[in-house]
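# Topology and contacts: notes
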Amino acid sequence: MEDTKIQWHAAFVSAMDLELAQNRADLVYHKEYNLNTKPLEVNLLVIKKEPDVQITNEIGKLFRGHNIVEYKSPRDHLNIDTFYKAAAYACLYKAYGKTVDERKADDITVSLIREEKPEGTLSYFKEHGIAYINPYRGIYYVTDTVLFPTQIIVIKELNEEAHIWLKALSREMQKEQMRRLLEKIEKMKTKFDRELADSVLQVSVSANRQVVDELRGDENMCQALLEIMEPEINKIKENVKEEVTREVTREVTREGIKSLVTFFRDSAQSDTEIKNAIVKVYGISEKEAEEYL
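Residues numbered from 1 in each chain as written. Predicted model: local features only at pLDDT ≥ 70, side-chain atom pairs only at ≥ 80, totals over all residues. Heavy atoms only, no water.

This part takes up helix α7 (residues 191–207). With 17 residues, α7 extends 24 Å between its outermost C-alpha atoms, agreeing within 8% with the 24 Å of an ideal straight helix rising 1.5 Å per residue. For α7, every residue scored as buried is listed here: Asp193, Leu196, Ala197, Asp198, Val200, Leu201, Val203, Ser204, Val205 and Ala207. (Helix = DSSP H or I, 4+ residues; strand = E, 2+ residues; numbered from the N terminus. Expected span 1.5 Å × (residues − 1). Buried < 20%, exposed > 50% of the residue type's maximum accessible area, 1.4 Å probe, protein only.)

Okay, structure coming up:
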């Protein structure tokens, strides 16, 4: 249940933008891209503007013009059916161009991203003679029986220094990892990058509260965490303040209505007259007013 409250996918989109930041000007991101008019969508579509542009990050080495990216949060499965579903999404994306063959098959790629290594899927590949290679740490290219160039990215196996943003999307962050993440965010210069990083950090903090508790003993890191999370903390404080104000208002209203009821009863007024008075004075419904009689 807790996993549903953590905005993994929103943070993933931010993490991908930060991972591929060196080529930001060359890419266009479409999160939750609708494949057609019906509610069928891919997590992220990355469009490479120019075909000759080379993506520097290992994750983008496979990219071509149109890149379907499916992300699985820590408790989601990446089984063989998930693998073929992503391929089906790519087929639909290719078929839904504005004109026939507008989107070329050799210009589309599929990426599936998950924290843990999908052992069951890789075993299926071996059993069915589907070849794959491991050109980079944590990145597997499927080289057989696929319509489009396809890669499976295992976050846990990625190089931590090169892929700090995706590595942060985990429930198993260590204290030193969180420390490095905070230091990385502190050094960011632009507002846009900082906002993306904050999105990743908020998810990482929510999923790794024990690590945050450990960092509270480190005065420097605790201060850095507080500064980074200040907008969110202020939002929480404001919400609490508003809720307290609403509760005080409700309490004052309740006491006022009770006093009004007592006054009218002492004046020998009927329940109907009292109810009408409450509605008129406090602007509540007749049903709500009846609860005080």
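A few words on the sheet that holds strand β1 (residues 27–34). If you trace the seven strands from one edge of the open sheet to the other, you get β1-β2-β3-β4-β7-β6-β5, paired in mixed fashion. Edge positions in the sheet fall to β1 and β5 (132–136), since each has one partner strand and no second. Taken pair by pair, the neighbouring strands of this sheet meet at an average axis angle of 25 degrees, ignoring direction. Summarising the sheet, β1 and strand β2 (residues 41–48) pair through seven bridges and their orientation is antiparallel. Along β2, the bridge assignment pairs His30 with Leu45. Packed on one face of the sheet, helix α2 (residues 8–19) meets β1, β2, β3 (66–72) and β4 (108–114) and runs near 135 degrees to β3. Each of β1, β2, β3, β4, β6 (139–142) and β7 (150–154) touches helix α3 (residues 80–95); the most contacted strand, β4, lies at about 150 degrees to it. (Pairing = 2+ DSSP bridges. Axes fitted to C-alpha atoms, helices over the stretch in contact; angles between N-to-C directions. Contact = heavy atoms within 4.5 Å.)

What follows is about the nonpolar core. Judged by nonpolar contacts, the single largest core of 47 residues is most densely connected at Phe12, Met16, Trp165, Leu166, Leu169 and Leu181. Setting aside chain neighbours within four positions, we find Leu166 in contact with Phe12, Ala15, Met16, Glu19, Ile59, Ile155 and Leu158. (Core = buried A, V, L, I, M, F, W, Y, C linked by side-chain atoms within 4.5 Å.)

Our next topic: the packing of aromatic side chains. For the structure shown, the criterion picks out five aromatic pairs. A ring pair is formed by Phe83 and Tyr84, whose centres lie 5.4 Å apart and whose planes are at 80 degrees; its orientation type is edge-to-face. Judged by its relative accessible area of 4%, Phe83 is buried. Centroid distance Tyr132 to Tyr140: 6.1 Å. Interplanar angle 65 degrees. Geometry classified as edge-to-face. Judged by its relative accessible area of 23%, Tyr132 falls in the partly exposed class. Joined through ring pairs, the aromatic side chains of Phe83, Tyr84, Phe125, Tyr132 and Tyr140 make up one cluster. (Phe/Tyr/Trp six-rings, centres within 6.5 Å; stacked < 30°, edge-to-face > 60°.)

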